[in-house]
Amino acid sequence: MFNTKVFSKLGIEILAIIIGISASFWISEVQKDIENQEKEKRLLKTIQINVQTIDEYTNNRLNLLNEENHLMDYMSSNWNTLNIDSLVNVLKDGTYIKSFHNIFLDYREFHPPISELKAIIDDGSLGLINNERIRLALTALLDDRLDFLLQNVNSEIQLQQAFRENLISEKNEKIVAVLKTTYNEMDNRINGKAGYINKNSQEIKAIAELKSAQNYLNLKIRQRYWVIFFMDYFKSALTEVNELVNAELNPEVMK
């Protein structure tokens, strides 16, 4: 009888210990799940803010490129019959958006603010997100869509650099004269200061005589088409990530 009572009491104590340990473990797991859910929510909000910032940057860049595209299209379509006066009127107020310098001597880079998104992938934080579609969409955004875009941006840069090398060896005195500048002149013209109408006119007249400039402009337009194409492709990926994150953060709204 004694042994039965002892063993019965011991069994109850052991059972109580097991239940206590299990309850403690369960509470710990629940608390961990709650903490992970909070971390996931904060991470999703961070991604949402970053994606919207990148989209805003991309829209600004698209608007700038399209403004420049209209000018390049006009010049290409009317290369042999350019209305110099009309073109100069556009260039004199074009600042850094529409200028002789940016069409023929410079290039447009693309540097979206992606460092925080890359860090989320690189440090493993992406694993906190349970929605696989978000993980895949975010990875595709940076690994595929952005990569295609940057390849084409770099191709346009290489094209411009090749044309610049051609101008370096150019012995045409008109080209030599119009390329001559100073830092102060560049600063004034890019900031839209008045007083450079004659210089704009001389630049257009001199460059229009170069067959290499015409070829360069047309090749730049061709390459710019693919830059815009993949920029739109990149933007569609931004929209996809944003919509998926919104649905995850606001499931009741998205239903």
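(A) Expanded view of the overall build of the protein. When you go through the protein residue by residue, the secondary structure sums to 10 helices and 0 strands. In the protein, the order of α-helices and β-strands from amino to carboxyl end is α-α-α-α-α-α-α-α-α-α. Split into buried and exposed, the 255 residues of the protein put 36% on the buried side. For the protein, long-range pairs separated by at least 24 residues make up 85% of all intrachain contacts whose partners lie at least 6 apart in sequence. Carbon and sulfur atoms make up 54% of the accessible area of the protein, which amounts to about 15400 Å² in all.

(B) Broad picture of the packing of helix α2 (residues 84–92) against helix α8 (residues 197–208). Here α2 crosses α8 at 125 degrees, and the two axes come no closer than 9 Å. Viewed along their axes, α2 and α8 adopt a mutual orientation that is oblique. In the packing of α2 onto α8, the handedness of the crossing is right-handed. Note on element contacts: α8 touches α2 through Ile197, Asn200, Ser201, Ile204 and Lys205, opposite Ile84, Leu87, Val88, Leu91 and Lys92. Residue composition of the contact of α2 with α8, by class: 6 nonpolar, 2 polar and 2 charged.

(C) Structural detail: the nonpolar core. Ile47, Leu117, Leu141, Leu149, Phe234 and Val241 are the most contacted members of the largest nonpolar core, which has 34 residues in total. For this core, the secondary structure elements donating two or more residues are α1 (2–77), α4 (115–122), α5 (132–168) and α9 (211–249). Ranked by the residues each element gives to this core, the list is headed by α9, at 11 residues. The residues touching leucine 117, leaving out its near neighbours within four places in the chain, are Ile47, Asn50, Val51, Ile54, Leu138, Leu141 and Leu142. Counting residues in each nonpolar core, the second largest holds 24 residues, with Leu71, Met75, Phe163 and Ile207 among its members.

(D) Expanded view of the packing of α5 against α9. α9 packs onto α5 with a crossing angle of 165 degrees between their chain directions and a minimal axis gap of 9 Å. Considering the angle they form, α5 stands roughly antiparallel to α9. Both α5 and α9 take part in a crossing whose hand is left-handed. Split by residue class, the contact of α5 with α9 holds 24 nonpolar, 7 polar and 7 charged.

(E) Spotlight on the side chain of arginine 189. When you line up the elements, arginine 189 lands in helix α7 (residues 183–190). In this structure arginine 189 touches Thr95, Tyr196, Lys199, Asn200 and Glu203, once residues within four positions along its chain are discounted.

(F) Looking closely at the packing of aromatic side chains. Throughout the structure, instances matching the rule amount to 14 aromatic pairs. With a centroid separation of 5.3 Å and 35 degrees between ring planes, the pair formed by phenylalanine 100 and phenylalanine 104 is classed as tilted. Here phenylalanine 100 pairs with phenylalanine 104, and both are found in helix α3 (residues 100–104), just 4 residues apart, close to one helical turn. What links up through ring pairs into an aromatic cluster is the set Phe148, Tyr225, Trp226, Phe229, Phe230 and Tyr233.

Cut-offs and rules
- Residues numbered from 1 in each chain as written.
- Predicted model: local features only at pLDDT ≥ 70, side-chain atom pairs only at ≥ 80, totals over all residues.
- Heavy atoms only, no water.
- Helix = DSSP H or I, 4+ residues; strand = E, 2+ residues; numbered from the N terminus.
- Buried < 20%, exposed > 50% of the residue type's maximum accessible area, 1.4 Å probe, protein only.
- Contact = heavy atoms within 4.5 Å.
- Areas by Shrake-Rupley, 256 points an atom, 1.4 Å probe, with all protein chains shown as cover.
- Axes fitted to C-alpha atoms, helices over the stretch in contact; angles between N-to-C directions.
- Parallel < 35°, antiparallel > 145°, perpendicular 65-115°, else oblique.
- Left-handed = near helix turned anticlockwise from the far one by under 90°.
- Nonpolar A, V, L, I, M, F, W, Y, C, P; charged D, E, K, R; others polar.
- Core = buried A, V, L, I, M, F, W, Y, C linked by side-chain atoms within 4.5 Å.
- Phe/Tyr/Trp six-rings, centres within 6.5 Å; stacked < 30°, edge-to-face > 60°.

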